[in-house]
Protein chains: 6
Amino acid sequence: MKVLTFGEILLRLASPGYSRLFQKECLETSFCGAEANVAVSLAVFGVNSAFLTRLPKNDVAISAVNSLRYFGVDTGKIVYGDGRMGLYYLEKGASQRPSKVIYDRAYSAISLSKSEDFDWDVVFKDIDWFHWTGIDPALSDDMVEICLEACKVAKSKGITISCDLNYRKNLWSSDKAKSIMPELMQFVDVCIANEEDADKTLGIAAKNSNEERGKLDKSDYISISNEICRKFGCEYVAITLRESFSASVNGWSGLLYNAKKEKVVFSPNYKIHLVDRVGGGDSFAAGLIYGLICGKDDQEVIDFAVASSCLKQTMEGDYNRATVQEIEQLICQGGNGRIQR
Amino acid sequence: MKVLTFGEILLRLASPGYSRLFQKECLETSFCGAEANVAVSLAVFGVNSAFLTRLPKNDVAISAVNSLRYFGVDTGKIVYGDGRMGLYYLEKGASQRPSKVIYDRAYSAISLSKSEDFDWDVVFKDIDWFHWTGIDPALSDDMVEICLEACKVAKSKGITISCDLNYRKNLWSSDKAKSIMPELMQFVDVCIANEEDADKTLGIAAKNSNEERGKLDKSDYISISNEICRKFGCEYVAITLRESFSASVNGWSGLLYNAKKEKVVFSPNYKIHLVDRVGGGDSFAAGLIYGLICGKDDQEVIDFAVASSCLKQTMEGDYNRATVQEIEQLICQGGNGRIQR
Amino acid sequence: MKVLTFGEILLRLASPGYSRLFQKECLETSFCGAEANVAVSLAVFGVNSAFLTRLPKNDVAISAVNSLRYFGVDTGKIVYGDGRMGLYYLEKGASQRPSKVIYDRAYSAISLSKSEDFDWDVVFKDIDWFHWTGIDPALSDDMVEICLEACKVAKSKGITISCDLNYRKNLWSSDKAKSIMPELMQFVDVCIANEEDADKTLGIAAKNSNEERGKLDKSDYISISNEICRKFGCEYVAITLRESFSASVNGWSGLLYNAKKEKVVFSPNYKIHLVDRVGGGDSFAAGLIYGLICGKDDQEVIDFAVASSCLKQTMEGDYNRATVQEIEQLICQGGNGRIQR
Amino acid sequence: MKVLTFGEILLRLASPGYSRLFQKECLETSFCGAEANVAVSLAVFGVNSAFLTRLPKNDVAISAVNSLRYFGVDTGKIVYGDGRMGLYYLEKGASQRPSKVIYDRAYSAISLSKSEDFDWDVVFKDIDWFHWTGIDPALSDDMVEICLEACKVAKSKGITISCDLNYRKNLWSSDKAKSIMPELMQFVDVCIANEEDADKTLGIAAKNSNEERGKLDKSDYISISNEICRKFGCEYVAITLRESFSASVNGWSGLLYNAKKEKVVFSPNYKIHLVDRVGGGDSFAAGLIYGLICGKDDQEVIDFAVASSCLKQTMEGDYNRATVQEIEQLICQGGNGRIQR
Amino acid sequence: MKVLTFGEILLRLASPGYSRLFQKECLETSFCGAEANVAVSLAVFGVNSAFLTRLPKNDVAISAVNSLRYFGVDTGKIVYGDGRMGLYYLEKGASQRPSKVIYDRAYSAISLSKSEDFDWDVVFKDIDWFHWTGIDPALSDDMVEICLEACKVAKSKGITISCDLNYRKNLWSSDKAKSIMPELMQFVDVCIANEEDADKTLGIAAKNSNEERGKLDKSDYISISNEICRKFGCEYVAITLRESFSASVNGWSGLLYNAKKEKVVFSPNYKIHLVDRVGGGDSFAAGLIYGLICGKDDQEVIDFAVASSCLKQTMEGDYNRATVQEIEQLICQGGNGRIQR
Amino acid sequence: MKVLTFGEILLRLASPGYSRLFQKECLETSFCGAEANVAVSLAVFGVNSAFLTRLPKNDVAISAVNSLRYFGVDTGKIVYGDGRMGLYYLEKGASQRPSKVIYDRAYSAISLSKSEDFDWDVVFKDIDWFHWTGIDPALSDDMVEICLEACKVAKSKGITISCDLNYRKNLWSSDKAKSIMPELMQFVDVCIANEEDADKTLGIAAKNSNEERGKLDKSDYISISNEICRKFGCEYVAITLRESFSASVNGWSGLLYNAKKEKVVFSPNYKIHLVDRVGGGDSFAAGLIYGLICGKDDQEVIDFAVASSCLKQTMEGDYNRATVQEIEQLICQGGNGRIQR
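Quick caveat, the model's predicted, so the values are computed rather than measured.

K.L.:
What's the story with the overall build of chain A in this structure? I'm lost.
P.N.:
Assigned secondary structure in chain A consists of eleven helices and 15 strands. Against the globule reference of 20 Å for 341 residues, chain A gives a C-alpha radius of gyration of 19 Å, in line with a compact fold. Taking the principal axes of its C-alpha atoms as reference, chain A extends roughly 55 × 50 × 40 Å. Evaluated residue by residue, chain A yields a buried proportion of 66% over its 341 residues. Element-wise, carbon and sulfur atoms account for 46% of the exposed surface of chain A, whose accessible area totals about 10,900 Å². Both charge centroids of chain A, one from 40 positive and one from 46 negative side chains, sit 4 Å from each other.

K.L.:
What's the story with the relation of the copies chain B and chain C in this structure? I'm lost.
P.N.:
Comparison of the two chain copies shows a relationship of rotation about an axis with a shift along it. In screw terms, the move from chain B to chain C is a rotation of 120° and a rise of 0.0 Å along the axis, fitting with an RMSD of 0.0 Å. When the rotation and shift are considered jointly, the pair of chain copies conforms to a three-fold rotation axis. Taking C-alpha positions as the reference, the residue of chain B nearest the rotation axis is Gly-17 of chain B, at 5.1 Å.

K.L.:
For this particular structure, what's the right way to read the sheet that holds strand S7 (residues 87–91) of chain A?
P.N.:
Strand pairing in a sheet is mediated by backbone hydrogen bonds. Such pairs are either parallel or antiparallel. Taken together, eight strands build an open sheet; the order of strands is S8(A)-S7(A)-S2(A)-S3(A)-S3(D)-S2(D)-S7(D)-S8(D) and the sheet is mixed. Looking at which strands have only one partner, the edges of the open sheet turn out to be strand S8 (100–104) of chain A together with strand S8 (100–104) of chain D. Strand-to-strand twist of the sheet, defined as the mean angle between neighbouring strand axes without regard to direction, takes the value 30°.

K.L.:
Help me understand the environment of Val-237 of chain C in this model?
P.N.:
Here Val-237 of chain C lies in strand S12 (residues 236–244). Sequence spacing of Val-237 of chain C and Leu-256 of chain C is 19 residues, and the spatial spacing of their C-alpha atoms is 5.9 Å.

K.L.:
Honestly, the interface of chain B and chain C in this entry has me stumped. Any pointers?
P.N.:
How big an interface is tends to be stated in terms of the accessible area lost upon association of its parts. Facing 32 residues of chain B, the contacting portion of chain C comprises 27 residues. Between chain B and chain C, roughly 2,500 Å² of surface is buried when both sides are summed, and carbon and sulfur atoms account for 45% of that area. The tally of links from chain B across to chain C stands at four salt bridges. Of the charged contacts, one joins Lys-100 of chain B and Glu-326 of chain C as a salt bridge, the two residues approaching to 3.5 Å between their closest N and O atoms. Scanning the region where chain B abuts chain C turns up 16 residue pairs in polar contact (both at pLDDT 80 or more). Contributing elements (two or more residues each) for the side of chain B that touches chain C: strand S8 (100–104) and strand S12 (236–244) of chain B. If you tally residues by element for the side of chain B that touches chain C, the top one is S8 of chain B, at three residues. Each residue belonging to the side of chain B that touches chain C can be placed in one class, and the counts come to ten nonpolar, ten polar and twelve charged.

K.L.:
Which parts of the structure should I look at to understand the sheet that holds strand S2 (residues 10–14) of chain E?
P.N.:
Taken together, eight strands build an open sheet; the order of strands is S8(C)-S7(C)-S2(C)-S3(C)-S3(E)-S2(E)-S7(E)-S8(E) and the sheet is mixed. A strand with exactly one partner marks an edge of an open sheet, and here the two such strands are strand S8 (100–104) of chain C together with strand S8 (100–104) of chain E. The average angle at which neighbouring strand axes cross in this sheet is 30°, direction not considered. Sheet topology places strand S7 (residues 87–91) of chain C next to S8 of chain C; five bridges connect them, and they run antiparallel. Across the sheet, Tyr-88 of chain C pairs through a bridge with Tyr-103 of chain C, a residue of S8 of chain C. Packed onto the sheet, helix H2 (residues 59–70) of chain C meets strand S2 (10–14) and strand S3 (26–32) of chain C together with strand S7 (87–91) and S8 of chain E and runs at close to 60° relative to S3 of chain C.

K.L.:
Sorry if this is basic, but what is going on with the pairing of strand S11 (residues 190–193) of chain C here?
P.N.:
The side chains of a regular strand alternate, residue by residue, between the two faces of the sheet. All names here are of chain C. Where burial is concerned, the two faces of S11 agree: the one with Val-190 and Ile-192 and the one with Cys-191 and Ala-193 are both buried. Sheet analysis places strand S10 (residues 160–164) next to S11, joined by three bridges and oriented parallel. When the sheet's bridge partners are listed, Asp-164 is paired in S11 with Ile-192. Handedness of the crossover joining S10 and S11 through helix H6 (residues 174–185): right-handed. For S11 and S12, the ladder comprises four bridges, and the chain directions are parallel. Along S12, the bridge assignment pairs Ile-192 with Ala-238.

K.L.:
Which parts of the structure should I look at to understand the pattern of salt bridges?
P.N.:
Side chains that differ in charge, positive against negative, can pair when their charged atoms come close. As enumerated under the stated definition, the model contains 150 salt bridges over all chains in all. Two residues, Glu-227 of chain A and Lys-231 of chain A, come together in a salt bridge whose shortest N-O distance is 3.7 Å. Residue Glu-227 of chain A and its partner Lys-231 of chain A are both found in helix H8 (residues 218–232); the two are separated by four residues, about one turn of the helix. With a shortest N-O distance of 3.2 Å, Glu-316 of chain A and Lys-24 of chain C are connected by a salt bridge. On the criterion of chain membership, the pair formed by Glu-316 of chain A in the loop between helix H10 (298–312) and helix H11 (324–333) and Lys-24 of chain C in the loop between S2 and S3 is interchain, its members lying in two chains. A single burial state applies to Glu-316 of chain A and to Lys-24 of chain C, both of which are buried.

K.L.:
Would you mind going over the environment of Pro-268 of chain C with me for this structure?
P.N.:
Residues and elements named next belong to chain C. The residue Pro-268 is located in the loop between strand S14 (263–266) and strand S15 (270–273) in this model. Pro-268 sits in the partly exposed class, given a relative accessible area of 41%. Here the alpha-carbon distance between Pro-268 and Ile-302, two residues 34 residues apart in the chain, equals 9.1 Å. If we skip the residues at most four places from it in the chain, Pro-268 touches Trp-252, Ser-253, Asp-303 and Val-306.

K.L.:
Could you clarify how one ought to interpret unusual backbone geometry in this entry?
P.N.:
What is expected of a backbone is that most residues other than glycine have negative phi and most peptide bonds are trans. Phi angles above zero are rare outside glycine, and Tyr-107 of chain A is one such case at about 65°. Relative to the assigned elements, Tyr-107 of chain A resides in the loop between S8 and helix H3 (120–123). Judged by its relative accessible area of 34%, Tyr-107 of chain A is partly exposed. Positive phi, close to 40°, is recorded for Asn-166 of chain F, a residue that is not glycine.

K.L.:
Would you mind showing me how to read the pairing of strand S14 (residues 263–266) of chain D here?
P.N.:
Residue and element names in this part refer to chain D. Looking at chain direction, strand S13 (residues 249–258) and S14 are connected through four bridges and run antiparallel. In the strand pairing of S14, Leu-256 is matched with Val-265. Two successive antiparallel strands, S13 and S14, enclose a turn made up of four residues, where Glu-262 displays a positive phi of approximately 50°.

K.L.:
Got a minute to help me understand helix H10 (residues 298–312) of chain E in this structure?
P.N.:
For the α-helix, the turn length of 3.6 residues means that residues three or four positions removed from each other point alike. The end-to-end C-alpha distance of H10 of chain E is 21 Å, a good match for the 21 Å that 15 residues give at a rise of 1.5 Å each. The element H10 of chain E is largely enclosed, with a buried count of 13 among its 15 residues.

K.L.:
How should the state of the cysteines be read in this particular structure?
P.N.:
Between two cysteines, a covalent bond joining their sulfur atoms is known as a disulfide. As enumerated under the stated definition, the model contains zero disulfides over all chains in all. The thiol sulfur of Cys-310 of chain A is not disulfide-bonded, and the nearest other cysteine sulfur, from Cys-332 of chain A, lies at 14 Å. Take Cys-310 of chain A: its relative accessible area is 0%, and that puts it in the buried class. No disulfide involves Cys-163 of chain C; its nearest neighbouring cysteine sulfur is the one of Cys-191 of chain C, lying 6.2 Å away. The class of Cys-163 of chain C is buried, set by a relative accessible area of 0%.

K.L.:
How should I be thinking about the environment of Ala-39 of chain B in this particular structure?
P.N.:
Residues and elements named next belong to chain B. For Ala-39, the location among the structural elements is in helix H1 (residues 34–44). Of the residues examined, Ala-39 reaches a relative accessible area of 0% and is grouped as buried. When the C-alpha atoms of Ala-39 and Arg-84 are compared, they prove to be 22 Å apart, with 45 residues separating the residues in sequence. Not counting chain neighbours up to four residues away, the residues in contact with Ala-39 comprise Thr-5, Ser-49, Ala-50, Phe-51 and Val-73.

K.L.:
Could you clarify how one ought to interpret the side chain of Ser-283 of chain B in this entry?
P.N.:
Mapping Ser-283 of chain B onto the fold places it in helix H9 (residues 280–293). Each residue touching Ser-283 of chain B, except ones within four places of it in the same chain, is listed here: Ser-41, Ala-305, Ser-308, Ser-309, Lys-312 and Asn-320 of chain B.

What counts as what
Residues numbered from 1 in each chain as written. Chains lettered and ligands numbered in written order. Predicted model: local features only at pLDDT ≥ 70, side-chain atom pairs only at ≥ 80, totals over all residues. Heavy atoms only, no water. Helix = DSSP H or I, 4+ residues; strand = E, 2+ residues; numbered from the N terminus. Rg over C-alpha atoms; globule rule 2.2 N^0.38 Å. Buried < 20%, exposed > 50% of the residue type's maximum accessible area, 1.4 Å probe, protein only. Areas by Shrake-Rupley, 256 points an atom, 1.4 Å probe, with all protein chains shown as cover. Lys, Arg positive; Asp, Glu negative; His and termini not counted. Charge placed at Lys NZ, Arg CZ, Asp CG, Glu CD. Least-squares fit on C-alpha atoms with pLDDT ≥ 70 in both. Pairing = 2+ DSSP bridges. Axes fitted to C-alpha atoms, helices over the stretch in contact; angles between N-to-C directions. Contact = heavy atoms within 4.5 Å. Buried area = accessible area lost by both parts, 1.4 Å probe. Salt bridge = Lys/Arg side-chain N within 4 Å of Asp/Glu carboxyl O. Polar contact = N/O pair within 3.5 Å; in protein donor to acceptor, adjacent residues only side chain to side chain. Nonpolar A, V, L, I, M, F, W, Y, C, P; charged D, E, K, R; others polar. Right-handed = clockwise from strand over helix to strand, strands pointing away. Expected span 1.5 Å × (residues − 1). Disulfide = S-S within 2.5 Å.

Read these as geometric descriptors, not functional statements.
Structure, rendered in structure tokens:
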């Protein structure tokens, strides 16, 4: 069983500790990207995982690739060409001060991709699961086309397709997203979303929830899930539920909707003292894919996905370094945090 | 509209993270000082802000001046002479362990100032608002005289005068303060204080509050404010209300008393996971001055001042790096800390 | 009054901040060890304190010795020989992610000690109190013998003996511990334990408490204490009570059982935002010994021991750097964490 | 006397110490740019110095502006618009391993400038000296036009114009440069160049020097200088002479050709143990401008320029933090490096 | 063409900068080991490279494996079992103060290996070149046996065998080495050594050189090489020639002796300002293997090996991060260290 | 044999690496002081060493005392009182840029000492050697008196007295020094000086040397030494000879003049790549005292003193961490810097 994720890998430049950007004279570096994060988390779980992107051939990009190999991700499918390495600046928030992300990803090599850069028949040869996100088609019009081609070839080969809707308002407008995502969603078996994604990219909204205030109404999420499955023929919809009490403390849980059974299961809710919340959704996706691959039952799947992403948010960096054993221990013991000697 | 603040700028040497002083082999440096902090915060708000002090001519003091210029503070009025650059050591507390400040500010150039060092007619030429604090006259007997002269000239020019009472027990005794501050207070239009300042410097005490335990009785603060205005003819009294649950978590709010209206307004109360509480009061003063300058109504003024100083306490360093936009966002959205992408 | 503690000193290699082991390219170094920690804490309290161990003669061990001298611990009794310097890797947990300790202490010089390495008559010449822990006999069979000899000589000289049961499952099995500790306990005047120690090393268990969940039943602890005193003739049993809400927040309290009076006293319970929980038990032991040496009454003793160890857990490193003055201030003021200027 | 420099300001991301890019998990940040560097160095000399560029309005650019204000550079003329903040990655070389720069400056706000962004009549109102470099027109075709307009207006106002040829092969080809620079050079009074610039941008080559090997033939430089002055009507040509023995040790000197006198003067040659060679040429330009502004004689001018840039290369960062006093001390005492107490 | 190296991987704990061990409160971590270093350098060259060792299953060892994967080394052949992860402490010297290594590698998992841990037929399935060093048999008597078995199987499969003699006096005595190495050398095709190795492990000494003083006599090295080839049937002997002027500056060159041609070739001599000399010999071995694999002629081979290891010594860490392109540039341009933009 | 050194201990705040003061946001901390440095170096040599000073009772001073205890210095004689802890800022130079020291030591506790603070009869009870420096009487007029009293009591007890002339121009003028030092020198047995000290404090000048240029004439030093011995009755004069080629490279040697034998011996000359030159003279003094205490012959003494101080200058911090074994190895092997495994 081999999973391919497709998307962008970025350099992350984070202000150290709780200092504001450029308050100190250094930035902490790591690599990240919604799809790369999923690939790494799966590799740490022991899944055979490959990542596909398009990169320039320079020392920054080579280091990005090495950071994936460190965790055992197969980087042999990556293609190289013109364009830059995208990056983002991160300032970690605290208490009432929100975290802040400044993207500098325009003109990245992946956003300049052309259809001919990817030979999907070759790419998918040893692949059983294909994961992409709503960031991919948001990068450029060519990327819309490329995603469509990838989905078609994957479908024709019987590969399971998962998509995290991942709406990014500085990459495209909600209107643009809604004009494109529905077509791509036709191919998706497993749809992953957070509070606002379904609304902004598919026009499927929660009626009573007020996303700005972090107040969540569970029945709404069920109706959203149901509608997605009905419209696009998905087998599963998984939704992360974040309650933002402050930049330091968040509630975190999730649900999984099984279209065949027409049933939803909810995970426990973790109150997290955040170390680094970025990448939380991606580690949820990775946990979900892992659970489904392993043939866990629906409750086990959502519990694993939420525990996986709970642990990610207690770690620095976008990459989820939690192992299957650590996640299972959290599920069993409920997060008392007793020292492991 | 140009604001001048007058006082000391110090080098701050802080132990990194939660380590005790000299537990690690480095100290984090920044510059600070009750009045310098106000000047910086105002400059970050976009206010035309100048800072006046007296400094030695060495690399430490030049770096202090540069740190003010970084934020756009006008440093052209600063005078130079003999004496040292004051400094303080800071050990950040956590949970039950309090933060600890060790001052080494004796014999600083500002404390050695003589009347003839400052030509107030020239200093105040382009100034509309003059801010000083109770630390100024506490530095030396000459500084008492200098403050008096400054206040007189400012008054004569129709400049608004604000004073943060800022009692520091290691600079002078409460008795000494009470023998000096009342005379200076005659010139003050806007008086800023915290729980113990009015008592220690003016002899105006809360009756029922127990400052040591952080228990606050609002009616007391109203009577204190009223009494200050009555005695010294102030137009406004603003008081910060800190509830110290631990060195890690504080409650934070404030009130503004309008003497003309004989009315008090209270801000919301923020429960802050502290990053660095030092400079909280100064960023409150800056927010207050900004609000009054902008012609906001009393509730808006106190809300802005408290939100400004709430954000400061989520940032490292004495200087308040919060922008007007960030403060207004906090006021609108109530501190849920959702990530800004 | 001079206290000797006897045991191991280790190099501690801790991942910086909340990063996972080897996520960053450096490890923070300090020295530690259950018994060395007690020696340092006592020296910081101003007690005449000596530490005895066996070390190799290399730069690592010399630095360990120097780290003790820094705090004023007498290191003149230490003996030198073959074997390594033990060490452990520490990854600090956060929220639902537990802290993690990886020991690498096999073949340490102290574990290779032979009876003839220690001349207890000479060692104990100026000693009034002897403190050892359950880690000592767990290190090797020779160390069992050595502890026995030490206890016998100490007893014969009228030296007070305290022992922290300190069960370590990766050093020996509970069965092995239970076959050895009872004999050694015959010599112990003051027994210190945490939730699981008495069960694992002496087979004396709490009936209703569920240690894994951090739920504590006070009556059980009284019966455990009573049983220990009855079986081994101890004068005092002190027990630390940790409630592990998460890796970031713990409840912390303790009790002291006085066999003669057949009475138990409980300390207040501190809710601690943990900076570094390792060494908490050792600083409790040091506080207890200090209180008993000073002739405090039982309630004062347990209050001091718990406040001492509460403060330790707000500091980085195993060593407790809290002074008597700081501990007394916490006892008086209850942990409001107000800044000390 | 006020000097305006015009060009780009970049974020510099440097690998710490001698580590390779991304070998450690952080990058040291500073701001830089050939023209910004000159502005800062002049401000440190006490010259009234302004910097003009075009920037996006985000936290990165604001920090860049603040970094200029820190040194007292007037940043009030800067314009804001679309585009990114350019950046470059720096890996410091050592011994046989060369330093390495990876530019990521495409699509920067300055490179997207349009003619209408700059109102040169307003810009030049208080300016006496205008400094630009060959990087400016290399950024885009619009920038060629903009430079031409700037030069024309400056000339018409009697402003002295200096240009550092600064050839950058990854911004434009030598052929492109040669098709553009000659027209712009018509306006230049003071031309600054290094070994290869005149050849690559003006087609004026040294005959016998072999730039790759760092072997310099002084007579060649005289003939180059002479030819530049003849062709473009410059008053002065200044050339830096770098002998690259290794990435750790360089020889450094310079010459100044006075067209009116038809005479060349050479500076002493400094053998520099390099701390950071980047920005060496810019600090030379600043020293040269300072010397000419001060009315020093030709020998004094070149000595000051070379000593200025020698000291820069013993400091970290692109910005030259050497003061006039430090430079004069180097000129007087010849670099024995005796400690200053 | 795939190369397998076999040996130990250690954790390296280096004091930062030029500080003494434990002078600062952190140690810089990296992974290393004579044979692992060769595997990494080859992988960076683009060679298909695998590393075989025996490790415990803990977070330290997993990070070691990941550090190899980062560079693309195949770690799939590694076996796991009991024992520790070896480590060493490094204090970098400067000028007259030598660098200092303190090993703590006893009881490592590889030193506890048994014959049955390795199935050489499986291990060597896809291998064309086998590299081991004199450290392997020095680790334990079992490892002597294991090396012998490996060599026999490799020989029987026609795999080229290279060995770096790598004498380590704290692992075994010269007498012990001389009683074991000759038998193993019978299988070696390419022998690599430094000044003292041949003497200490094979009893083949330079007659006139005085290794302690770094004075080298080339004719001696020729005779040593010749004798090695004659005695053990090697095809090539390569020797590194280090002149230790100080801990900061070393001369570095090498020679290659071709037994068939009975001819020796010498490389150029590099005077290196050392950044980190550890791993110099291993990067020489990697360069040599690369050169021979590529079919370069003898002079090209030794030039590549020496340039490779020259560059390594200008980089931090044991691992050689120099690329083929960088090495070839050094060979072409002779180390002038000009900045690469 | 126990040595007492008497003087000041300061906090040193050093800019990291080669950065300018406040270029980075931290300062590296250590403790130092001419006389404290000697005490530490002697303790590292294994000599029974005590340090006497006067300090305030705060966390900074306690850490200073602890830093001495770390190395085994007896700090039990230190007295406590009013005044500050002195400090200095250090910016490390490189190449042509000199190192820079900014003192902030006025009003230190030691400079405020009164005669009655020291009971010399008690202080000297277990002391055999008394070391002070020219900084002591330069601190205040009271300190002149105190030094005189100390010398008198020491002399009366037959204690050997050594003095390092250590002229500091920012503490007193040469004229003031010359009016005071001669009287104190009457008590001195061993006088230590550098190039300019004898001239500035005693008015005994080298005739032909040009200290500013670092050109040294040996015969001059002999005549200076001779004159000192004749005038003040010293037994030994030792002089350090520094050739300042640059801030990065210095020549370093010394001489010892034996008054009884009327003979001078010179040490070898070390060319040092400086890591940190501050404290060089103090480690020379310590080496000298050690050599004389051990009864080495004159050549051995000066060789040891110079090798000791050579090694100090290859280490960070004022304190000399070189051991006797390391110094002897340097003397034997001549500084080839070969790695010690």
